[in-house]
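Observations on chain architecture
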Amino acid sequence: MAQQRNQADDLKFSCSICLDLLKDPVTIPCGHNYCMSCIKAHWDGEDQRGIYSCPQCRQSFYTRPVLMKNTLLAELVEDREKTLLQAAAADLCYAEPGDVACDVCTGRKLKALKSCLVCQVSYCEQHLQPHYESPAFKNHKLMESSNSLQDAICPRHHEVMKIFCRTDQQCICYLCAMDEHKGHDTVSAAAERTGKQKELNESRQKVQQKIQHREEDVKVLQQEVEAINLSADKAVEHSEKTFAELIRLIQKRSSDVKQQIRIQQKASVSQTEDLQKKLDQEIAELKRKDTELDLLSRTEDHTQFLHSYTLLTKLTASTDSQRPKVSNLPNFQDVMAAVTAARDKLQAVFHDNWMKPSPTNKDTNVSLLQAEPKTRAEFLQYSRQITLDPNIAHNYLVLSDGNKKITFNSQNTAYSYHPERFIHAYQVLSKDGLTGRGYLEVEMSSKASVAVAYKSIPRSGDFNSYVFGFNEKSWVLDWYSSSYIFRHNNRQLSISGPLSSRIGVYLDHSAGILSFYSVSETKTMTLLHKVQTKFTEPLYAGFWLGLPNGNTVELCKLK
């Protein structure tokens, strides 16, 4: 009923034009009320007719009524607005489902502002005032309003549980401490909270540290995604450019072949037509002679016949010519065969296996069917600029020069924890994977190794599982200043060759080729060892360093 009365009041104080509460209310001669601006706008539209009407009762006025603000009605509307605002504010304070309601309120309950641990009651702002004003509530402990106050009450003795039993790891009241928990290790709940709070803070720090590590991992993955996208875009751009050049080359070659065929066709046709013209002339001459011979054969005078026959016989013999050689005409089947052979060669190059993804890696590693590089200039065409991953480096390995140089230092400040870090081996992997064809060079001091490995190689555990060369996930060349040793899957091979501190590494991932080269000061390259296998995962460059401190490996900048 109250709601119906409120709606009826709203209608009384509403403008029938804008349907909102009246603003600057005016009363026109028929007694209806409108907002001053609304009725003015309505009558402005009737100025051309010269007759003004009430939008509600349609009563007409032949002169436009003068509008005066209805002061009394304006005050009533203002009071109504205040009432609506107060009702709206009160509605905001009422408890809704899920809110903590005041335990003292009767009827429709207001939201609780605080809960008292001593009273075990939740209070709204109005009923909470005695706790602030009366000394009797001075020692009561207030907390944020909660629906879980009963959790702090002992279900057996109905007392506040302010004691913690460390023996049974539970909260108890003082009566429990004197009864079934007598003799147990008990402390106040506040004291136990202090210790637990410290443990909680430590746990939170570990969680935050893990969050930080995972965020760093996400950033690394984002960088890898960007690198993959950039590399793919470059590959697409390069392939489109290369194929466009190849298409232009084929089109030009097609045009050249067509032009040569037409030139040869024109020359052969011209030569044949000239020969045909001569033969036509010879045929005409022979037909003329045949006519003369026919006339001679009909001559009755024997003397004239013999005289003319001797003369005609000589002339006929002189007109004989050689038969044309048709075999000299051009045969365009040879051209067709040559074009077909060229097509077959291109099809062999662009076979389906020319671009084939690795069985376990979904990346499409394009491996052009080209010969292996032979000269240093050819190797440098595949040079790769890679960086080392500080999240993988062992604590004794110091990275510098933009993560392109490694220095062994057993006194190095330990890196932060990372699940990808090598724990026991003085090793590091590159951040960038090596796919397709790639070439790099490293400058090493004594007692160092250069390797390629799958990123899935373990970081700790059994010695053979994570050290480069002692498992099937890595291939390594050790350099000890006076000798080379190649290792893979715990098998080693002594390598002979010119000793050099600069080692070149060439990889053709799709072809399964891995080669190590000794590079002299004059940049002469000598093959030390070549591997022919089948790689099943993306490869990463890896390095191992040993004592003494100051031992280094540096990735060379190649032009």
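Our subject is the structure listed above.
Nothing here was measured: the structure is a model prediction, and the numbers come from that model. (Residues numbered from 1 in each chain as written. Predicted model: local features only at pLDDT ≥ 70, side-chain atom pairs only at ≥ 80, totals over all residues. Heavy atoms only, no water.)

1. What to know about the sheet that holds strand β5 (residues 114-116)
Pairing is antiparallel across the open sheet formed by 3 strands, whose spatial order is β6-β5-β7. Two strands in the sheet have a free side with no partner beyond their single neighbour: β6 (121-123) and β7 (142-144). Sheet twist, expressed as the average angle between the axes of neighbouring strands with direction ignored, equals 35°. Where β5 lies against β6, 3 bridges are found, and the strand directions are antiparallel. Each residue of the ladder has a partner; that of Ser115, found in β6, is Ser122. Helix α4 (residues 125-133) rests against β5, β6 and β7 of the sheet, and its axis sits at about 110° to β6. (Pairing = 2+ DSSP bridges. Helix = DSSP H or I, 4+ residues; strand = E, 2+ residues; numbered from the N terminus. Axes fitted to C-alpha atoms, helices over the stretch in contact; angles between N-to-C directions. Contact = heavy atoms within 4.5 Å.)

2. Notes on the sheet that holds strand β8 (residues 163-165)
Strand pairing within a sheet occurs via backbone hydrogen bonds; the two strands may be parallel or antiparallel. Taken in spatial order, the 3 strands line up as β9-β8-β10 in an open sheet, and their pairing is antiparallel. The sheet is open, and its two borders are formed by β9 (170-172) and β10 (186-188), each paired with just one other strand. Here the average twist between neighbouring strands, direction ignored, is 35°. Where β8 and β10 come together, 3 bridges link them in antiparallel fashion. Pairing of Ile163 across the sheet is with Ser188, part of β10.

3. Thoughts on the pattern of salt bridges
What the rule picks out here adds up to 24 salt bridges. For Glu420, the salt bridge is made with Arg459, and the minimal N-O distance between the two is 2.8 Å. Placement of Glu420 in the loop between β12 (405-408) and β13 (427-434) and of Arg459 in the loop between β15 (448-454) and α10 (463-466) is noted, with a sequence separation of 39 residues between them. Judged by its relative accessible area of 32%, Glu420 falls in the partly exposed class. With a shortest N-O distance of 3.1 Å, Asp508 and Arg437 are connected by a salt bridge. In this pair, Asp508 sits in strand β19 (residues 502-508) while Arg437 sits in strand β14 (residues 437-444), placing the two residues 71 residues apart along the sequence. Looking at Arg437, the relative accessible area reads 13%, which means it is buried. (Salt bridge = Lys/Arg side-chain N within 4 Å of Asp/Glu carboxyl O. Buried < 20%, exposed > 50% of the residue type's maximum accessible area, 1.4 Å probe, protein only.)

From the geometry alone we can't say anything about function, so treat these as descriptive.
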